[in-house]
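# Structural overview
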Amino acid sequence: MIISVASGKGGTGKTLVATSLALTLKDRDKVQLLDCDVEEPDAHVFLKPVITRSEAVSIPVPKVDEDKCTYCGKCAEVCAYNAIAVFPKHVLIFPELCHGCGACSYLCPEKAISEEGKEIGVVERGNSDSVDFAHGRLAIGEAMATPLIRKVKEQARREGTVIIDVSPGTSCPVVEAVKDSDFCILVTEPTPFGLNDLVLAVETVRLLDIPCGVVLNRVGVGDGKVEEYCRKENIPILLTIPLDIEIAGLYSRGITLVEGMPQWRESFLGLFDKIGGIVNERISGTER
Ligand code: SF4
Ligand code: SF4
């Protein structure tokens, strides 16, 4: 089963949930944690994995042979990302905008375009206390997160439980990380900001047709509007975590919740069982 852990906004406790869920399940099943928040991966701070493999990830960007080029403009026309501009006597490539789709080189009538690799980051793989671990680190100044996320997801095992830590928000990297999940946990807090971003996140996962449920963190601040929204939208609140100085202290020291306060293991097992129930019910519903 693939469970992604996402949130409409940063700082809601997404990594706290992903890492504690992984550590709770490791005694029960094979568990893998993939940190797909490649712009700011931080699950390793909590899991402290021993990294055993590192692989640079590149995307192919075009290179034009101006001896062959007729400046027909076809490449600029087909590029959906405006990464090529053709002038009467020159072709300009903007590598930082290129998604490496290959359309320009494929469609160039003069075969004037070749491709060269541009490194966008690195995928690192390792192990932490029986949790198989992988994350991506996007190179500084690099904007192409989605090809790197794809590479991290290629590390997914076909057995046991795979937990994906997703970047915050609702943009392309989030869609890339969440798609193909069996379930998406949305972590939020009971504040107007939390509600606003939760609504956007729910719209995104519903478009992807992925069942979701909410983990409500820092309960005790804000109001009851998130619960009200979840009731109205029929979204289960799977777990609540209170605003607690001890939990905040653990987090600031890079200690997972279930290691610092083992009494939380039962709650995370319960969270997993609820998710399993929803996923199984959905599967049997589609089989009927
Ligand atoms: S499509 Fe090929 S020939 Fe036409 S402008 Fe681009 S590189 Fe030059
Ligand atoms: S590889 Fe794709 S994104 Fe990059 S310049 Fe060519 S058409 Fe544009």
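Anyway, here's the lowdown on the structure attached to this text. Remember, predicted model here, so these are calculated numbers, not experimental data.

### Quick notes on the overall build of the protein chain
Broken down by element type, the protein chain carries 11 helices and 11 strands. In terms of overall dimensions, the protein chain has a C-alpha envelope of 70 × 45 × 45 Å along the principal axes. Expressed as a percentage of its 288 residues, the buried residues of the protein chain come to 50%. A separation threshold of at least 6 residues defines the contact pool for the protein chain, and within that pool the share at least 24 residues apart is 74%. Accessible area for the protein chain stands at about 14,000 Å²; split by element, carbon and sulfur atoms hold 52% of it. In the protein chain, which carries 31 positive and 42 negative side-chain charges, the distance between the mean positions of the two groups comes to 2 Å.

### A look at the site of ligand 2
In the region of ligand 2, the neighbouring residues are Pro62, Cys79, Tyr81, Ala83, Ile84, Cys98, His99, Gly100, Cys101, Gly102 and Cys104. Its residues placed into classes, the shell around ligand 2 shows 8 nonpolar, 3 polar and no charged.

### Thoughts on the site of ligand 1
Cys69, Cys72, Gly73, Cys75 and Cys108 are the nearest of the 13 residues found near ligand 1. In the shell around ligand 1, the residues fall into 9 nonpolar, 2 polar and 2 charged.

### Thoughts on the side chain of Thr204
As for its placement among the helices and strands, Thr204 is situated in helix α7 (residues 192-207). Judged by its relative accessible area of 13%, Thr204 falls in the buried class. Non-local contacts of Thr204, meaning those with residues more than four positions away in its chain, are made with Thr170 and Val175.

### Digging into the environment of Val214
Looking at the secondary structure, you find Val214 in strand β10 (residues 212-219). Judged by its relative accessible area of 0%, Val214 falls in the buried class. Residues Val214 and Cys79, spaced 135 residues apart in sequence, show a C-alpha to C-alpha distance of 39 Å. The residues touching Val214, leaving out its near neighbours within four places in the chain, are Leu186, Thr188, Leu198, Cys230, Ile235, Pro236, Ile237, Leu238 and Leu239.

### Section: the sheet that holds strand β6 (residues 113-128)
Read from one edge to the other, the open sheet built from 9 strands follows the order β3-β6-β7-β2-β8-β1-β9-β10-β11, with strand pairing classed as mixed. A strand with exactly one partner marks an edge of an open sheet, and here the two such strands are β3 (50-64) and β11 (237-242). Direction aside, neighbouring strands of the sheet carry axes that sit 20° apart on average. Summarising the sheet, strand β2 (residues 31-35) and strand β7 (residues 131-138) pair through 5 bridges and their orientation is parallel. Its bridge partner lying in β7, Asp35 is registered against His135.

### Details of α7
Its 16 residues place the ends of α7 23 Å apart at the C-alpha level, agreeing with the 22 Å of an ideal helix rising 1.5 Å per residue. Turning to α7, its buried residues number three or more, namely Gly194, Leu195, Asp197, Leu198, Ala201, Val202, Thr204 and Val205. In the core, the buried residues of α7 are packed alongside α6 (172-178), β9 (183-188), β10 and α8 (225-233). Taken from the residues just after α7, Asp209 is the one with a positive phi, measuring 60°.

### Some details on the nonpolar core
Residues Leu34, Val178, Cys184, Leu186 and Leu198 are the most contacted members of the largest nonpolar core, which totals 41 residues. When residues of this core are assigned to their parent elements, the largest contribution, 5 residues, is made by α7. Leaving out residues up to four positions away in the same chain, Val178 has contacts with Ser4, Ala6, Lys153, Val166, Cys184, Val205, Leu208 and Ile210. Of all hydrophobic cores here, the second largest spans 35 residues; its members include Ala43, Ile185, Val187 and Leu269.

Calculation rules
Residues numbered from 1 in each chain as written. Chains lettered and ligands numbered in written order. Predicted model: local features only at pLDDT ≥ 70, side-chain atom pairs only at ≥ 80, totals over all residues. Heavy atoms only, no water. Helix = DSSP H or I, 4+ residues; strand = E, 2+ residues; numbered from the N terminus. Buried < 20%, exposed > 50% of the residue type's maximum accessible area, 1.4 Å probe, protein only. Contact = heavy atoms within 4.5 Å. Areas by Shrake-Rupley, 256 points an atom, 1.4 Å probe, with all protein chains shown as cover. Lys, Arg positive; Asp, Glu negative; His and termini not counted. Charge placed at Lys NZ, Arg CZ, Asp CG, Glu CD. Near = heavy atom within 4 Å. Nonpolar A, V, L, I, M, F, W, Y, C, P; charged D, E, K, R; others polar. Pairing = 2+ DSSP bridges. Axes fitted to C-alpha atoms, helices over the stretch in contact; angles between N-to-C directions. Expected span 1.5 Å × (residues − 1). Core = buried A, V, L, I, M, F, W, Y, C linked by side-chain atoms within 4.5 Å.

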